[in-house]
Amino acid sequence: AMSSGPETPLPQEPLFILESGEVYRNPTEVKMSQIVLPCHANHCGELSVGQLLKWMDSTACLSAERHAGCPCITASVDDINFEHTIGVGQVVNIKAKVNRAFNSSMEVGIVVSCEDLFVGQQWKVCNAFATFVARRTDSGKVQLKQIIPRTQEEQMEYSIAAERRRMRLIHAEIMKDLLSNGTFQTAEECEEHQDAVPAEKTRVESVELVLPPHANHQINTFGGQIMAWMENVATIAASRLCNAHPTLRGIDMFHFRAPSHVGDRVVLKAIVNNAFKKSVEVGVCAEAYQGGEPPRHINSAFMTFEVLGEDDKPCTLPHIRPEPVDGKRRYQEAIARKKIRLDRKYIISCKQTEVPLSVPWDPINQVYLSYNNVSALKVLASKNSWVLNSERRKVSLYTLEENQFLSFKVETNVDMPAERVFILLSDLGRRQEWDKHYKKCELIQEVDEDDMIYYVLTPSVGKDSKFQDFVLLASRRRPCDKGDPYVIALRSVTLPSHPPTDKFKRGEVLCAGFTIWEESNTTTKITYYNQATPGVLPYISTDIAGLSSTFYSTFCACSKFLEENKGGSPALSAAL
C-alpha cells in the first residue's frame, strides 16, 4: 500500500572519527538486513509486522548480550508507531545498540528502515526502545558494566534513558489515575448506533504449541515470536470488525510478565476494545500452560489499526457495541489510552519547532509533560556545538544557534555539596531572593513531589513597558546513578485557572533550567540553560554584551545566595 516510500529519504548519520583516525562504531551495535520474501509477507504483499517484530527482538537481544556477555531476556518493549509498510523485494535494515545499562537491565534502542534497492534510498519505518534483563548466572545476579557514551547522540540517549525508565515504572499508575479522573464518553452512548458491530463478533482465540524453532538459544520462547503470534490474532479481530485488511499503526507497551518454554501451549486471545472514527484498538493477551497446570499470564498489549483506502487515506470504521461489564470497562480504557497516545504524540514526538510553546497541562498528560520537560533540557545539555562567548571571574557564557533558536548556557562552580545546591535552586519560590528578574513567584499547584506549577512575574524583555507573566512547570530529578546530574527543568504550560490577561504580556519558556553536577563532595558545577523563543530573539541578538552582563550579575547573586544558605536546616533537607 505505502511501500513506495515517503517523500523524505533517511538522512545519513555523520561519521565520528576517533583520535586514532578510525571511524567510531558503538561496541554494542548490531545490524541485521533482510530482503522481504513472499514467505514474510501478508496477502497484500506487505511485510507482516509479526515477522518484523521477530527480527527487531532478535537484533536487540544480540546487542544486549554483546554488552552483558551472558544470555538476556526481553522484559518490555515501549510503544512503537509504524510510519510505513514494507513491500516484497525491499530490504529491512535494523540497527540496535544499548543506550544505557542499569543494575541488571538495559535499554536497547532499535531503528528500523526500509531500503529500495532500485532507487537506492532508505526510509525510516519505526524506532523502539526495548528493555532486556541479564539472566542470573550460577554465581547469582549479574551486575552490568556501565555504558560510556562517546558521541552527542549517545550522550543524549544515555541521559534520557533514565527518564524513559522512570516512565516505564509508573506506566500502570498513569492508567489507573486516568481512569479514576477521566470524564470520557460512556459505553451507553454506543447503544444508540444501529450499525454497531457486537464486540463478541470480533473475539479471537488461538493456541500455539511452542516447538524448538520458536525458542531462543536459552530454550525460552523468543519474545519476538510471542509478539508475532499476538499481532496475528489482533489482526484477525480488527478484520472481523471492518471486513477488510487492516494496517497496524501502533502498539502500546509490551510487558513480559513471565517466561514461556518449549512444550508450553500458548493461548492467544484478542478482541476489539473500541472503534474510533478512523482507527480501532484491539486488546490482546498471551497465556501459557503445560499439562493440567493453571495458565500463566505471559503478556498483554494494545494494538491500533487503520484500514487504508485506495488513496492510502484511513477509511471510516463501523462502531462497536461493547459487551456488558468487562467490555464496557475495556471500552472506557481504550478511550483513556487514545488520549494518552495523542498526548504523547503531541508532546513528545513532534519536533520542537512544531510544538505549541505552551501545552495545556492537565492530570492526564502530566507524566508526558514532565518527561518532555526534563528530556528537552537533557537534549539541550548534550549538544556539543556550544560556543564560549565570554568569561568573567569563573562565570562562563556559551551560545548555540540552531534552527531559528538561540540558546544560552551559563556555567560556574560553587564550594558546597550538590544535594544542597539542588534543594535551594529547585525551590522556585526563593528565586526572587537572588534573581532580580523574578518580581513574583507563587506556587499554583504541587503536582507531586517532583513537579510543581508556578506563576511568575518578570519585567518585560523588550521595549514594551508591560510586565511579563509566565505559568511554568518545574520538574526536578535526582541522579539515577553517579553518571547523572541533578536536574531542574522549566517550561511553559497553560492552565484554565491562569489565562493571559490584558494587564500583563504572557511570556513563553520553551526550555530552561539547571543541571547540577557533583565535582567532589564539596564542589559543585552549576549550569543554567535557556532556549530563547523566536519572540525575544531580535532583542537578544542585538545585545549579547548586555545579556552577558545580566547573566553574570545574576549568577554572582545566585552564588552569594547559595553561600549564605549553605548550612540550611536538616528538617528542610529531609522534607525535600
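Residues numbered from 1 in each chain as written. Predicted model: local features only at pLDDT ≥ 70, side-chain atom pairs only at ≥ 80, totals over all residues. Heavy atoms only, no water.

Asker: Can you lay out the overall build of the protein for me, pointing to particular residues and giving the numbers?
Answerer: When you go through the protein residue by residue, the secondary structure sums to 10 helices and 25 strands. Per-residue burial over the protein gives 51% buried out of 576 residues. Put simply, of all contacts in the protein between residues at least 6 apart along the chain, 69% involve residues at least 24 apart. Summed over all atoms, the accessible surface of the protein reaches about 27100 Å², with 53% contributed by carbon and sulfur. (Helix = DSSP H or I, 4+ residues; strand = E, 2+ residues; numbered from the N terminus. Buried < 20%, exposed > 50% of the residue type's maximum accessible area, 1.4 Å probe, protein only. Contact = heavy atoms within 4.5 Å. Areas by Shrake-Rupley, 256 points an atom, 1.4 Å probe, with all protein chains shown as cover.)

Asker: If you had to explain the sheet that holds strand β12 (residues 280-289) to someone new, which residues and values would you point to?
Answerer: If you walk across this open sheet you meet the six strands as β3-β9-β13-β12-β11-β8, and the pairing is antiparallel. Of all strands in the sheet, those with a lone pairing partner are β3 (80-81) and β8 (204-209), marking the two edges. Along the sheet, helix α4 (residues 223-242) makes contact with β8, β9 (247-251), β11 (265-275), β12 and β13 (296-306), crossing β11 at roughly 40°. (Pairing = 2+ DSSP bridges. Axes fitted to C-alpha atoms, helices over the stretch in contact; angles between N-to-C directions.)

Asker: Any chance you could break down the packing of aromatic side chains for me, citing the residues and the numbers?
Answerer: Scanning all chains against the criterion turns up six aromatic pairs. Between the aromatic rings of Trp-434 and Phe-514, the centroid separation amounts to 6.3 Å while the plane-to-plane angle is 65°, which identifies the pairing as edge-to-face. In this pair, Trp-434 is assigned in the loop between α7 (418-425) and β19 (440-448) and Phe-514 in strand β24 (residues 511-518), connecting sequence segments 80 residues apart. Note on accessibility: Trp-434 and Phe-514 belong to one class, buried. A centroid spacing of 6.2 Å and a plane angle of 55° characterise the contact between Tyr-528 and Phe-551, whose relative ring orientation is tilted. Here Tyr-528, found in strand β25 (residues 524-532), pairs with Phe-551, found in helix α9 (residues 544-564); they are 23 residues apart in sequence, far enough to count as distant. A relative accessible area of 9% places Tyr-528 in the buried class. Following the ring pairs from residue to residue traces out a cluster consisting of Phe-408, Trp-434, Phe-514, Tyr-528 and Phe-551. When the ring centre of Phe-129 is taken as origin, the NZ or CZ atom of Arg-164, which lies over that ring, is 3.7 Å away. Positioned over the ring face of Tyr-398 is Lys-409, at 4.6 Å from the centre of the ring. (Phe/Tyr/Trp six-rings, centres within 6.5 Å; stacked < 30°, edge-to-face > 60°. Lys NZ or Arg CZ within 6 Å of the ring centre and 35° of its normal.)

Asker: Break down the sheet that holds strand β4 (residues 91-101) for me, with residues and values.
Answerer: The strand order across the open sheet formed by six strands is β1-β4-β5-β6-β2-β10, and the pairing between neighbours is antiparallel. For this open sheet the edge positions go to β1 (30-35) and β10 (254-255), each flanked by a neighbour on one side alone. Relative to strand β5 (residues 105-116), β4 is paired through 10 bridges, and the arrangement is antiparallel. Residue pairing for β5: Val-98 is matched across the bridge by Val-108. Docked against the sheet, helix α2 (residues 152-169) engages β2 (72-77), β4, β5 and β6 (121-134), running at close to 75° with respect to β4.

Asker: Hey, could you go over the confidence of the model for the protein for me, with residue numbers and the actual values?
Answerer: Residues of the protein with pLDDT of at least 70 account for 86%, and the chain-wide mean is 86. The low-confidence segment residues 570-576 (pLDDT under 50) makes six contacts with residues lying over four places distant or belonging to another chain. (pLDDT = per-residue confidence, 0-100.)

Asker: Quick one: what's the story with the nonpolar core, residue by residue and with numbers?
Answerer: Met-56 and Ile-110 are the most contacted members of the largest nonpolar core, which has 79 residues in total. Counting residues per element, this core draws most heavily on α4, at 10 residues. Residues within four places of Ile-110 in sequence aside, it is in contact with Met-56, Ala-60, Ile-94, Lys-95, Ala-96, Cys-126, Asn-127, Ala-128 and Ala-130. By size, the runner-up hydrophobic cluster in this structure holds 38 residues, among which are Ala-474, Phe-514, Tyr-552 and Leu-562. (Core = buried A, V, L, I, M, F, W, Y, C linked by side-chain atoms within 4.5 Å.)

Asker: Report on the environment of Gly-69, specifying residues and quantitative values.
Answerer: Counting through the fold element by element, Gly-69 comes out in the loop between α1 (49-68) and β2. Gly-69 sits in the exposed class, given a relative accessible area of 65%. Once the C-alpha coordinates of Gly-69 and Val-142 are considered, the two residues, 73 residues apart in sequence, prove to be 9.9 Å apart.

Asker: Can you lay out the pattern of salt bridges for me, pointing to particular residues and giving the numbers?
Answerer: Applying the stated criterion across every chain, the model contains 31 salt bridges. With its nearest N and O atoms 2.8 Å apart, the salt bridge here joins Arg-203 to Glu-323. Taken as a pair, Arg-203 in the loop between β7 (197-198) and β8 and Glu-323 in the loop between β14 (320-321) and α5 (326-349) lie far apart in primary sequence, 120 residues in all. Overall, the relative accessible area of 38% leaves Arg-203 in the partly exposed class. With a relative accessible area of 16%, Glu-323 lands in the buried category. Note that Asp-469 and Arg-506 form a salt bridge whose closest N and O atoms lie 3.1 Å from each other. Of the two residues, Asp-469 is situated in strand β21 (residues 468-477) and Arg-506 in strand β23 (residues 505-506); the sequence distance between them amounts to 37 residues. (Salt bridge = Lys/Arg side-chain N within 4 Å of Asp/Glu carboxyl O.)

Asker: Describe the packing of α2 against helix α6 (residues 366-382), with residues and values.
Answerer: What describes two packed helices is the angle between their axes and the distance between those same axes. Running from N to C, α2 and α6 cross one another at 160°; their axes reach a closest spacing of 9 Å. Considering their axes alone, α2 and α6 lie roughly antiparallel with respect to each other. For the pair α2 and α6, the crossing hand works out as right-handed. For the pair α2 and α6, contact is made by Gln-152, Gln-155, Met-156, Ser-159, Ile-160, Ala-162, Glu-163, Arg-164, Arg-166 and Met-167 and by Val-367, Tyr-368, Ser-370, Tyr-371, Val-374, Ser-375, Lys-378, Val-379 and Ser-382, respectively. Among the residues making up the contact of α2 with α6, the classes are represented as nine nonpolar, six polar and four charged. (Parallel < 35°, antiparallel > 145°, perpendicular 65-115°, else oblique. Left-handed = near helix turned anticlockwise from the far one by under 90°. Nonpolar A, V, L, I, M, F, W, Y, C, P; charged D, E, K, R; others polar.)

Asker: Outline the pairing of β2, supporting the account with residue identities and numerical values.
Answerer: Of all six residues in β2, five are buried, a share of seventy percent or more. Two strands pair when backbone bridges link them, and β2 and β6 are joined in this way by five bridges, in the antiparallel orientation. Note that in β6 the partner of Thr-74 across the bridge is Phe-132.

Asker: Give a description of the environment of Ser-159 that names residues and reports values.
Answerer: Mapping Ser-159 onto the fold places it in helix α2. Here the alpha-carbon distance between Ser-159 and Pro-485, two residues 326 residues apart in the chain, equals 9.3 Å. Excluding residues within four positions of it along the chain, Ser-159 makes contact with Arg-100 and Lys-378.

Asker: Which residues make up the side chain of Thr-527, and what values go with them?
Answerer: Tracing the chain through its elements places Thr-527 in strand β25. At a separation of 2.9 Å, a polar atom in the side chain of Thr-527 contacts the side chain of Glu-411. (Polar contact = N/O pair within 3.5 Å; in protein donor to acceptor, adjacent residues only side chain to side chain.)

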